[in-house]
Amino acid sequence: MFDSARQHLFRVRDYDLAATLASGQAFCWREREGQWEGVVSGHWVQLHQTDDGIVAQTATAVTDWDWLADYLQTEIDLASVLLSFPDDEPMRIATTVCRGLRLLRQEPWECLASFILSSTKQIVQIQQIVALLCERFGETLLVPSGHEPAFAFPSANRLAACAESDLRGCKMVSAPRIFCAPRR
């Protein structure tokens, strides 16, 4: 049964949800049995692609889905974007291989922090670090029963208040200065 307060269909074409969420631009998404679970703007979200578009489900009622449409960039006309690309062989190959891949519009702090954490790491390692940071220092979010717990990405102030040893405990080889408040 479709609960319009907790579910929404984004009618979108030329969108490859799996390629977009697994591309290495965001590290909070997990694929489980054909569904993608993650956190966007303080909401636990489950997404799956259908022939009609992308179906989103949240744990709490939502009246305005613009925050998720903006994050997923569902309003972007991919065909128009592709027409702006140079017409050369490398670009034709790239747009064919990556057809439907979208850029996510992430929250600036989470994007910056994830980028800093990504230095010399593989995607799996970055996902582990981000998951540990969220679990240990992020706000717990409401999820439907039967789902794993979910946590928001911790704020800059919350991470700055952590001891370096706490951050190292999240599998960071070294805690970047940006995450640590100066000790007086």
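Residues numbered from 1 in each chain as written. Predicted model: local features only at pLDDT ≥ 70, side-chain atom pairs only at ≥ 80, totals over all residues. Heavy atoms only, no water.

## A look at the confidence of the model for the protein
Across the protein, the average pLDDT comes to 89, with 92% of residues at or above 70. Predicted confidence in the protein is weakest over helix α3 (residues 78–83), with a mean pLDDT of 85, and strongest over helix α2 (residues 66–72), with 97. (pLDDT = per-residue confidence, 0-100. Helix = DSSP H or I, 4+ residues; strand = E, 2+ residues; numbered from the N terminus.)

## A look at the sheet that holds strand β3 (residues 35–40)
If you trace the 5 strands from one edge of the open sheet to the other, you get β1-β5-β4-β3-β2, paired in antiparallel fashion. Two strands close off the open sheet at either side, each with one partner strand: β1 (7–10) and β2 (30–32). Strand after strand, the sheet turns through a mean of 30° between neighbouring axes, direction not considered. In this sheet, β3 lies alongside β2 in antiparallel orientation, the contact comprising 3 bridges. The partner of Arg30 across the bridge, within β3, is Glu37. (Pairing = 2+ DSSP bridges. Axes fitted to C-alpha atoms, helices over the stretch in contact; angles between N-to-C directions.)

## Some points on empty space enclosed by the protein
Picture a little ball the size of a water molecule; that probe, rolled over the atoms, points out where space is still empty. One pass over the full model with this rule turns up 1 cavity of 30 Å³ or more. Reported here for the largest cavity is a volume of approximately 40 Å³. Along its surface, the largest cavity is lined by Val39, Val40, Ser41, Tyr71, Gln106, Glu107 and Glu110. Per-class residue counts for the lining of the largest cavity are 3 nonpolar, 2 polar and 2 charged. (1 Å grid on protein atoms, 1.4 Å probe; cavity = no way out; pocket = protein on both sides within 12 Å on 5 of 7 lines; lining within 4 Å. Points joined across faces, edges and corners; volume = space filled by probe spheres on them. Nonpolar A, V, L, I, M, F, W, Y, C, P; charged D, E, K, R; others polar.)

## A look at the nonpolar core
With 22 residues, the main nonpolar core has Trp29, Leu47, Leu68 and Tyr71 as its most contacted residues. Of all elements in the fold, only α1 (17–21), β3, β4 (43–50), β5 (53–58) and α2 reach the threshold of two or more residues within this core. No other element matches α2, which puts 5 residues into this core. Discounting residues that sit within four places of it in the chain, Trp29 has contacts with Leu21, Trp36, Glu37, Gly38, Val40, Val45, Leu47, Tyr71 and Gln127. Judged by nonpolar contacts, the second largest core, of 16 residues, contains Phe27, Ala113, Leu117 and Cys170. (Core = buried A, V, L, I, M, F, W, Y, C linked by side-chain atoms within 4.5 Å. Buried < 20%, exposed > 50% of the residue type's maximum accessible area, 1.4 Å probe, protein only. Contact = heavy atoms within 4.5 Å.)

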